[in-house]
Amino acid sequence: MSTLADRPENPVVGRRAAHESAALHVTGAAMYTDDVAEHTAGVLTAWPVQSTNAHAKVTIDVSGAYEVPGVVRVLTADDVPGLNDAGIRNDEPLFPSEAMFYGHALVWVLGETPEAARLGAERVQVEYEPLPSIITVQDALDAQSFQGTPRTVQRGDASAGLAGSAHVFEGVTEFGGQEHFYLETHASFAIRDSEGQYFIQCSTQHPSETQELVSHVLGIHSNEVTVQCLRMGGGFGGKEMQPHGFAAIAALGAKLTGRPVRLRLNRTQDITMTGKRHPFHIAWKVGFDADGMLQALDAVLTCDGGWSIDLSEPVLGRALCHIDNAYWIPNVHAYGQIAKTNKTSNTAYRGFGGPQGVFLIEDILGRIAPQLGIDPLELRRRNFYRQGQTTPYGQVVKDAGRMSTIWDQLSSEASVDERRAEIARFNATSPHAKRALSMTPIKFGISFNFAAFNQAGALVHVYKDGSILINHGGTEMGQGLHTKMLQVAATALGVELDAVRLAPTRTDKVPNTSATAASSGADLNGGAVKNACEQIRDRMAAVAGRLLGVDERDVRFGGGFVTALGAPLKQVTFAEVAKAAYLQRVQLFAAGYYRTEGLHWNPEIMQGSPFKYFAYGAAATEVEVDEFTGAYRVRRVDIVHDVGDSLSPMLDIGQIEGAYVQGVGWLTLEELRWDESDGPHRGRLLTQSASTYKLPSFSEMPSEFSVRLFENAREEGAVYGSKAVGEPPFMLAFSAREAIRDAVAAFGPAGHSVELASPATPEAVFWALRAAQAASESASALNDETSTASEPALAPAG
C-alpha cells in the first residue's frame, strides 16, 4: 500500500489529542466489565476453590458448599458440555484433577452474593495426594523438566568465532519475572439470552480468542458467542491469553443456571492465579577482537514457562530474535528451551520476550567493558549495526544508521560528556555516595512472530447527518489506541475529531481479530480503519463532484468541508454530501481490511523477515547509589525515541514515559518470591500484594525526565508514516540498570567487573557494592605487597 503513509494537508493525526476516555477516567464515570455486572439484576458471583499444594492429585467433595445459604451451584468438570480446557494446547484443564501449582483453581462456587460464594468455597473439601514439585528454573534444569519445542537461532560458526577471538568470556545471566499488576483485575460477565446466544463482557486483549475458547468449552459454534471488551484498566499482555478460562467459567455458569454470572478476581486471587513475565536462566560465552568488536556469541536460554505452555513458545522465539539488540554479531548460536515448573503459567508481558533477549547482550557488555578497558558507552556504539547488515535470523536491518544518529543526538542534547566529567569530580570527593550516567540503545522488531496474526478489520458507518461511527478489532487498555483510531478516521474522511465516535470492541462487528499485542494495534487496526474510510470517501467524492460540478478526482475533503481543487469558493459540508449520498443510494458504510505486507518466517529454522520494521531509541539515565544501604536514586532521564511520524504525540510520549518506568520496576524493584522450602507451603507465592511486591511509585521518579520524539522519521508502508510505541521504550530502562552498575563500580578498583543481580534491589546493589569494595581492598593490598617487595633492603647497622 504505497499511499498508506501519505498524509493530507492539515491532518488530524499528528495533533496532540487527549485520551478519548480521559474525562470519564478522572471522574470515575468510565465503566468497566464488573461495573456492568454490578448494574445488572440477578447476577451470580463465581468464586474459586484454590489449591494449597504445588503439585498433587485431588479429590473434591463439594457437598458442604450447598449447606451455605445463597450458594446456587458448584461448577465442576462434570458440568462441561464441550472441552474441559482453557488453553491452546489442551494442557490447561479448566477443572483439573491434578493441582499443578499453589493457588490453582480447582472448582468454582456460584453464589447470590460474593460473600455467599466465598463462604461456600471455604466449605469445599479437597484431599491431596502430593506429587514431586519443581519450583525454580534450576530445579527444572536439574530434573530436565521441559515443555514445548526448543528453538535455535544461528549464523556463522560460533565455536570457530570464539576460538579466533582475542578475548573470550563466559558466565551465567539470571533474572526474575514481573507481575502485571494492572489496576483492573481479571473480570468476565456472561449472559445467556432468550435465543440461547451468549453475550460476554470481558476484560480481554483478544476478544476473538476468548470467543473461540468459550465456544469450545460450551460445545457450540463461535456464532453463538459474542464477546465485548468495553475497556480495560490495564493489560500489559496479562489479558492476552489468560482471560479466556475466566470467561468460560462465567458462560458455563450462565448456561447451567440461566442467570447472569460475574467473575472478578480480587487482588490476591489475581496475583496467585495468573501468569507473569518469564524469568530466564542464560549460560553464555562471548568473544571480542582486540578492538572490542563482538565476534561470537554462544548461549543457552532457559525460560520458566510455569505449569503449562501458554504463550511461552512465541515469547522464547522473540527473545531469541532480540539477543542482538542493536549490535552486529557475526557468529551466533543461541539455543532456547522452556522449563516446566509448578508455578503459575507465565504469559505475555510488554515486550513479549524482547526484554529478556536484550537483557543478555546488555548484561554482557556491561560486565565485560571494564575487563576490556573500554568505556561501556563507546563499546556499545562501536558495535552498532551498519547499513546492509542482517540479524542472526536473516532480516536486513532497515534504517540501521538511524541508531547511531539517535545515539549521537541524545548524547549531545543530554550533555552526556560534560555531565560524566562532573560525575567523576563528584565521585572523587564523595566516599559514601557515587553517581553514574549510562546510555543504552534499543532496536525492536514490530509485528507478530506468527504471520497470520498480522491482519485486522474495521467497520465504519457514516450517518446521514455526517456523524461517523467506527468499530475495529483492537482493544483499549489505557494506551490510547481508540484515540489514535479516531484521529485516523477523522484524517481519512476529512472531518474534525468531534465528528467521529468509537463503538466498543466486539466480535459480532469485526470477526477473527488478532490480540491487541506486539505493539501492532495502531499499525494493523489503523490500516483497516483507513481502508474502510477511503472506500466511503471515494464513493462520497463522486457525489460531491456532482454537487460541485467538478470531476470527482478534483474533490478534496478537509476540516468537515468538501471542496473542489482550484475552486476554493466552491464548498459543501461533509454532512451535506452524506445526506445527498443517501438520497442517491450510495453506500455509506464499509468493512476495512489490512494485512502486513512483506513478512515471511520459518519457525522451524528460525530464519526469515518476521518484522515489518524496527523501532529505535536510546536513553541516558543518571543515578546515585548510597554506600550504606545500596539504595539508589534516579536523578535524571533523557530519551530520544523513534515512533515514525507520530499519530498522536502526547499519547506516544506518555507511552514512552510509562514503559520506561515499568522497565525500571522490572529491573530494579519488582521481586517475585516463592516458598522454595520443603514445608507445607512449598510453591506458595510469598509476594501476594503491594505490601510485599515493590512497585514503582512517585518516590522512584526522576526529578528530571525529558522525552523527545525522533524527527523526520516517516515509515513507508505504515499508517500515516507512524511506528509502534507500546513495547520498544520498555527496554530503554536498561540504561538505569547499567548506570547502577557503573555507580557500584565506582566503589571498586579500575577494571572491576560488577555482577548485578536482577532485580537490582537495594539489597542486591548493597552486596554488589560490598564485592566492589572488597576487590578494591584486595587490589590495594596487592599493590602494597608489590611496593614492599620492590624496595631496596636497608644496609645492616654497623
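Residues numbered from 1 in each chain as written. Predicted model: local features only at pLDDT ≥ 70, side-chain atom pairs only at ≥ 80, totals over all residues. Heavy atoms only, no water.

What follows is about the sheet that holds strand β18 (residues 468–472). The mixed open sheet is built from 4 strands, whose spatial order is β19-β18-β17-β24. What marks the edges here is a single partner per strand, and that holds for β19 (500–502) and β24 (589–595). The sheet shows a mean angle of 25 degrees between the axes of neighbouring strands, direction not considered. Across 3 bridges, the pairing between β18 and β19 is parallel. (Pairing = 2+ DSSP bridges. Helix = DSSP H or I, 4+ residues; strand = E, 2+ residues; numbered from the N terminus. Axes fitted to C-alpha atoms, helices over the stretch in contact; angles between N-to-C directions.)

In the structure shown here, the tally under the stated rule is 54 salt bridges. Notably, a salt bridge pairs Asp-139 with Arg-682, separated by 3.7 Å at the nearest N-O pair. Of the two residues, Asp-139 is situated in helix α4 (residues 137–143) and Arg-682 in the loop between α17 (649–668) and β29 (704–709); the sequence distance between them amounts to 543 residues. Overall, Arg-682 belongs to the buried group, its relative accessible area being 15%. Its salt-bridge partner being Lys-398, residue Asp-399 comes within 2.9 Å of it at the nearest N-O pair. Since its relative accessible area comes to 24%, Asp-399 is described here as partly exposed. Look at Lys-398 and you get partly exposed, because its relative accessible area is 36%. (Salt bridge = Lys/Arg side-chain N within 4 Å of Asp/Glu carboxyl O. Buried < 20%, exposed > 50% of the residue type's maximum accessible area, 1.4 Å probe, protein only.)

All right, on to the pairing of β29 then. Where strand β28 (residues 632–641) lies against β29, 6 bridges are found, and the strand directions are parallel. Paired with Asp-638 across the strands is Ser-706, a residue of β29.

Okay, helix α7 (residues 243–257) next. In this model, α7 (15 residues) spans 21 Å end to end at C-alpha, consistent with the 21 Å of a helix rising 1.5 Å per residue. Most of α7 sits inside the fold, with 12 of its 15 residues counted as buried. The set of residues buried in α7 consists of Pro-243, His-244, Gly-245, Phe-246, Ala-247, Ala-248, Ile-249, Ala-250, Ala-251, Leu-252, Gly-253 and Ala-254. (Expected span 1.5 Å × (residues − 1).)

Let's shift gears to the packing of aromatic side chains. One pass over the full model with this rule turns up 21 aromatic pairs. Taking 6.2 Å as the distance between ring centres and 75 degrees as the angle between the ring planes, the aromatic pair formed by Trp-108 and Phe-246 counts as edge-to-face. Of this pair, Trp-108 sits in strand β5 (residues 105–111) while Phe-246 is found in helix α7, placing the two residues 138 residues apart along the sequence. Side by side, Trp-108 and Phe-246 carry an identical accessibility label, which is buried. A ring pair is formed by Phe-611 and Phe-614, whose centres lie 6.1 Å apart and whose planes are at 65 degrees; its orientation type is edge-to-face. Above the ring of Tyr-32, the side-chain terminus of Arg-231 is found at 5.8 Å from the ring centroid. (Phe/Tyr/Trp six-rings, centres within 6.5 Å; stacked < 30°, edge-to-face > 60°. Lys NZ or Arg CZ within 6 Å of the ring centre and 35° of its normal.)

Before going further, it helps to spend a moment on the packing of helix α10 (residues 354–372) against helix α18 (residues 734–745). The contact between α10 and α18 brings their axes to 11 Å, and the two run at 25 degrees. As judged from the angle between their axes, α10 and α18 are roughly parallel. Our pair here, α10 against α18, has a crossing hand that is right-handed. In contact with Pro-355, Val-358, Phe-359, Glu-362, Asp-363, Gly-366 and Arg-367 of α10, α18 contributes Phe-734, Arg-737, Glu-738 and Arg-741. Taken together, the residues of the contact of α10 with α18 break down into 4 nonpolar, 1 polar and 6 charged. (Parallel < 35°, antiparallel > 145°, perpendicular 65-115°, else oblique. Left-handed = near helix turned anticlockwise from the far one by under 90°. Contact = heavy atoms within 4.5 Å. Nonpolar A, V, L, I, M, F, W, Y, C, P; charged D, E, K, R; others polar.)

Okay, the confidence of the model for the protein chain next. Averaged over every residue, the pLDDT of the protein chain is 96; the share at 70 or more is 98%. Here residues 791–798 is a poorly scored stretch, pLDDT under 50, and it has 0 contacts once near neighbours within four places are set aside; other chains count. (pLDDT = per-residue confidence, 0-100.)

Our next topic: the nonpolar core. Core analysis: the biggest nonpolar cluster contains 106 residues, and Trp-284, Phe-288, Leu-301 and Tyr-660 have the highest contact counts within it. Leaving out residues up to four positions away in the same chain, Trp-284 has contacts with Phe-169, Glu-170, Gly-171, Val-172, Thr-173, Leu-297, Asp-298, Ala-299, Leu-360, Ile-364, Arg-367 and Ile-368. Grouped together as the second largest cluster of nonpolar side chains are 53 residues, Val-12, Ala-517, Leu-524 and Val-586 included. (Core = buried A, V, L, I, M, F, W, Y, C linked by side-chain atoms within 4.5 Å.)

Turning our eyes to something else, we now look at helix α3 (residues 114–123). For α3, the set of buried residues is Ala-116, Ala-117, Gly-120 and Ala-121. Down the axis of α3, the buried side of the element spans an arc of 135 degrees, and every buried residue falls inside it. Residues of α3 that are buried sit in contact with β1 (44–50), β3 (71–75) and β5. (Arc of directions from axis to C-beta.)

The 5 strands lie next to each other as β7-β15-β14-β13-β8, forming an open sheet whose pairing is mixed. The sheet is open, and its two edges are formed by β7 (146–155) and β8 (167–175), each paired on a single side. The sheet shows a mean angle of 10 degrees between the axes of neighbouring strands, direction not considered. Pairing analysis gives 7 bridges linking β7 to strand β15 (residues 331–339), with the strands arranged antiparallel. Each bridged residue has a counterpart across the sheet, and for Gln-154 the counterpart in β15 is His-333.

What follows is about unusual backbone geometry. Negative phi characterises most residues that are not glycine, and trans characterises most peptide bonds. In this structure, the amide linkage connecting Ser-758 to the following residue, Pro-759, adopts the cis form with an omega of 5 degrees. Along the chain, Pro-759 falls in the loop between α18 and α19 (762–790). Of note, the phi angle at Tyr-720 is positive, near 50 degrees, even though the residue is not glycine. Judged by its relative accessible area of 2%, Tyr-720 falls in the buried class.

Going through the model one piece at a time under the given rule, you end up with 0 disulfides. There is no disulfide at Cys-202, and the cysteine sulfur nearest it, in Cys-229, is 7.3 Å away. Residue Cys-202 is classed as buried on the basis of its relative accessible area of 0%. Of the cysteine sulfurs around Cys-321, a residue in no disulfide, the closest is that of Cys-303, at 14 Å. Note on Cys-321: relative accessible area 0%, which makes it buried. (Disulfide = S-S within 2.5 Å.)

The next point concerns the packing of helix α6 (residues 207–218) against α7. The N-to-C vectors of α6 and α7 enclose an angle of 45 degrees; their axes lie 9 Å apart at closest approach. Comparing their axes, α7 and α6 come out oblique. The hand of the α6/α7 crossing is right-handed. Taken together, the residues of α7 that come into contact with α6 (itself represented by Glu-209, Thr-210, Leu-213, Val-214, Val-217 and Leu-218) are His-244, Gly-245, Ala-247, Ala-248, Ala-251, Leu-252 and Lys-255. Its residues assigned to classes, the contact of α6 with α7 shows 8 nonpolar, 3 polar and 2 charged.

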